[in-house]
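# Chains, contacts and geometry: an overview
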Amino acid sequence: HARTVSTQSRIYDISMSQELLNEQHMLERLKLALQEETLELYYQPQFDVRTGALCGAEALCRWNDEELGAISPIQFIHLAEERGLIHLLGDWVVRTAVAQLQEWLRDYEPFEGALSVNISARQFDDPFMANYLIDKVSDLPRGMFAVELTESIMMRNPQQGMQQLRRLHEAGFRIAVDDFGTGYSSLSYLTQFPISLLKIDRSFIQHMRPGNHQHSIVMTILAMANVLGLDTVAEGVETVEQEKLLKDMGCYCMQGFLRGKPTPAKEFAERWLNVKQ
Ligand code: C2E
Ligand code: CA
Ligand code: CA
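The notes below deal with the structure included here. All residue numbers refer to positions counted from 1 along the written sequence of the respective chain. Chains carry letters from A onward and ligands carry numbers from 1 onward, assigned in written order. Local features in this predicted model are restricted to residues of pLDDT 70 or higher, and side-chain atom pairs are both shown and tallied only at a pLDDT of 80 or more, whereas totals for entire chains, interfaces and linings draw on every residue. With hydrogens and water set aside, each side-chain value is computed from the structure's full complement of heavy atoms.

To continue, consider the packing of helix 3 (residues 86–107) against helix 4 (residues 129–136). Lines fitted to the C-alpha atoms define the axes, with helices restricted to the stretch that makes contact. Angles between their N-to-C directions range from 0 to 180 degrees. Each helix is a run of H or I in the DSSP string that is no shorter than four residues. Each strand is a run of E no shorter than two, and both are numbered from the N terminus. Two elements in contact, helix 3 and helix 4, have axes whose closest approach is 10 Å; the angle formed by their N-to-C orientations is 25°. The orientation of helix 3 relative to helix 4 falls into the category roughly parallel. Seen from above, helix 3 lies across helix 4 with right-handed handedness. Contact residues: helix 3 offers Gly90, Asp91, Val94, Arg95 and Val98, while helix 4 offers Tyr132, Leu133 and Lys136. In these notes the angle categories are as follows: under 35 degrees is roughly parallel, over 145 is roughly antiparallel, 65 to 115 is roughly perpendicular, and the rest is oblique. Should the near helix be turned counterclockwise from the far one by less than a right angle, the crossing is left-handed, whereas a clockwise turn marks it as right-handed. Any two residues whose heavy atoms approach within 4.5 Å at even a single point are treated as in contact.

Looking now at the packing of aromatic side chains. Any two of the Phe, Tyr and Trp rings considered here, Trp counted by its six-membered ring, make a pair once their centres fall within 6.5 Å; the pair's planes then place it as stacked at under 30 degrees, edge-to-face at over 60, or tilted in between. Enumeration over the complete set of coordinates arrives at eight aromatic pairs. Ring centres of Tyr43 and Trp104 lie 5.0 Å apart, and the angle between their planes is 70°; on these two criteria the pair is classed as edge-to-face. Taken as a pair, Tyr43 in strand 1 (residues 40–48) and Trp104 in helix 3 lie far apart in primary sequence, 61 residues in all. Under the scheme applied here, a residue whose accessible area is under 20% of the maximum for its type counts as buried, over 50% as exposed, and between as partly exposed, the area being computed with a 1.4 Å probe on protein chains only. Owing to a relative accessible area of 1%, Tyr43 belongs among the buried residues under this scheme.

Let's shift gears to the coordination of the calcium ion (ligand 2). Here the coordinating atoms are restricted to nitrogen, oxygen and sulfur within 2.8 Å of the metal centre, or 3.2 Å for Na, K and Ca, and because water is not among them the sites may look incomplete. The protein atoms donating to the calcium ion (ligand 2) are Glu58 (OE), Asn118 (OD1), Glu148 (OE), Asp178 (OD) and Asp178 (OD), with metal-donor distances spanning 2.2 to 3.2 Å. For four-coordinate sites, all angles between 85 and 135 degrees define a tetrahedron; for four- and six-coordinate sites, opposite donors beyond 155 degrees with the remaining angles between 65 and 115 define square planar and octahedral shapes respectively, and all other cases count as irregular. For the calcium ion (ligand 2), the six donor atoms in the first shell make angles of 44 to 179° at the metal, so the coordination geometry reads as irregular. In primary sequence terms, the donor set of the calcium ion (ligand 2) follows E-x59-N-x29-E-x29-D. Between the calcium ion (ligand 2) and the calcium ion (ligand 3), the interatomic distance is 3.9 Å, and Asp178 donates to each metal, bridging them. Highlighted residues: Asn118 in strand 4 (residues 114–118) and Glu148 in strand 5 (residues 145–149), separated in sequence by 30 residues. Owing to a relative accessible area of 29%, Asn118 belongs among the partly exposed residues under this scheme. Residue class for Glu148 comes out buried when judged on its relative accessible area of 2%.

Time to look at helix 10 (residues 240–248). Gln242, Glu243, Leu245 and Leu246 are the residues of helix 10 that are buried. Within helix 10, the buried residues cover an arc of 165° as seen down the axis, which keeps them to one side. The exposed set on the far side of helix 10, more than 90 degrees from its buried face, consists of Val240, Glu241, Lys244 and Asp248. Of the surrounding elements, those touching the buried residues of helix 10 are helix 8 (202–207), helix 9 (213–228), strand 8 (231–234) and strand 9 (253–254). Gly250, located one to two residues past helix 10, shows a positive phi value of around 90°. Summarising the geometry, the arc corresponds to the directions from the helix axis toward the C-beta atoms.

Here it is in structure tokens:
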């Protein structure tokens, strides 16, 4: 019996070390990608269904490695967070998005809403994060930049997180709560933090059928947002039925494959921005 156990734990050890090796290798490749700036930002549009006009865009990071192929951001963002690369990666994301927005504002008509970037809760462990962001957008018109944060920031670092978000808010940033409804934090933070909008999590939208639980949850989130004066964006809208249910409940800003997938900057501008006259 003892032998079986030890054989099993040996097999376990070997597969573990293989996993670690893979992870180590991926980490090295990611460092290289950051050094050589071979990551990309894609942009996904958000539309106001009442007018069909663009009402914002989200920058989403892409990594297509020569050796490893395309890797999901869920995987490499997690790796970057765990292995201390998120600050470097986040800095590249912010610089790239700001430069992109500057270029668009130079060549195209301004659009409604803001360009948003995802910021990991961990990036706010840095007490100078707000200062850094404010400095980066100093050449942009006020209100055109948004940060998307998950509820974990309120759990991870409530005091410091709140102070930094206040500074950002005062500086004209729009602050969005990402994946809203999936976190575990108390709803009281909604009134304490300077939040501008809620992004209703894709899981509710995807499972929403007339009269089911998810439908009621979305309705409740919208009612609450309305009372608190917060804007809402529906994430992951894939079907006309979902869009109609949302519209009937008074949610008008849609982000999802139905209206537009994340695309490279050039294609985004060609399809959805109007050239300046
Ligand atoms: P997220 O912030 O919730 O981003 C939305 C995700 O939903 C994106 O996945 C987007 O491609 C996907 N999506 C949009 N519309 C639809 C739809 O209609 N159906 C479906 N099934 N999916 C849709 P993506 O690009 O794979 O990103 C995954 C996550 O990785 C993001 O989730 C975000 O948490 C993280 N991430 C991506 N880029 C960055 C970044 O630059 N910084 C940080 N910190 N995190 C990032
Ligand atoms: Ca997001
Ligand atoms: Ca989201």
